[in-house]
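Spelled out from the first residue to the last, the chains are:
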Amino acid sequence: MAADDVVSAFVSRAPAPGHPSLQVEDDALVVDGWWPAAMWLGREACLVRLDDSPGDAVAAQLTGALAARGMVAVDADLDAPVEAVTMQRLGLIGARWQLWAADEAAARAAVAAAAVG
């Protein structure tokens, strides 16, 4: 299966096909079994990791698929709560993330809900 198929399945929340380096684990898209590339925050918002991936470069594929779904990159000052969520869910701090949602209100609501568990 192609990486595009896995990304498309992740974005549409469908079962993901098998792929040698991309896996969907719960609400996260993982590269090479250890590097989180994206993570859903509920059903309305998705974090896309901006750091260079060790394997398949999926950020551009993810952002294109999210945009096709009607979502936009939200430019809101949510770094602290996002960091809390990624620490809680992924055990990861210090990564750079871009938040995608329908709008800023949906993004803030999704981050707030994810931050409280």
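Bear in mind that the values here come from a model prediction, so they are computed numbers and not experimental data.

For the rest of this paragraph, the subject is the overall build of the protein chain. Each helix and strand in the protein chain was counted, giving four helices and six strands. In sequence order, the secondary structure elements of the protein chain are arranged as α-β-β-β-β-α-β-α-β-α. Taking 117 residues into account, the globule formula puts the C-alpha radius of gyration at 13 Å, and the protein chain, at 13 Å, falls close to it. A principal-axis box enclosing the C-alpha atoms of the protein chain has dimensions of 35 × 30 × 25 Å. Scored against the burial criterion, the 117 residues of the protein chain give a buried share of 40%. Contacts in the protein chain between residues far apart in sequence, at least 24 positions, make up 58% of those at least 6 positions apart.

Quick look at the environment of Glu-104 now. Among the secondary structure elements, Glu-104 is positioned in helix H4 (residues 104–115). Given the relative accessible area of 38%, Glu-104 is considered partly exposed. Along the chain, Glu-104 and Ala-76 lie 28 residues apart, while their C-alpha atoms are 7.0 Å from each other.

The rules behind these values
- Residues numbered from 1 in each chain as written.
- Predicted model: local features only at pLDDT ≥ 70, side-chain atom pairs only at ≥ 80, totals over all residues.
- Heavy atoms only, no water.
- Helix = DSSP H or I, 4+ residues; strand = E, 2+ residues; numbered from the N terminus.
- Rg over C-alpha atoms; globule rule 2.2 N^0.38 Å.
- Buried < 20%, exposed > 50% of the residue type's maximum accessible area, 1.4 Å probe, protein only.
- Contact = heavy atoms within 4.5 Å.

All quantities given are derived from atomic positions and should not be read as evidence of function.
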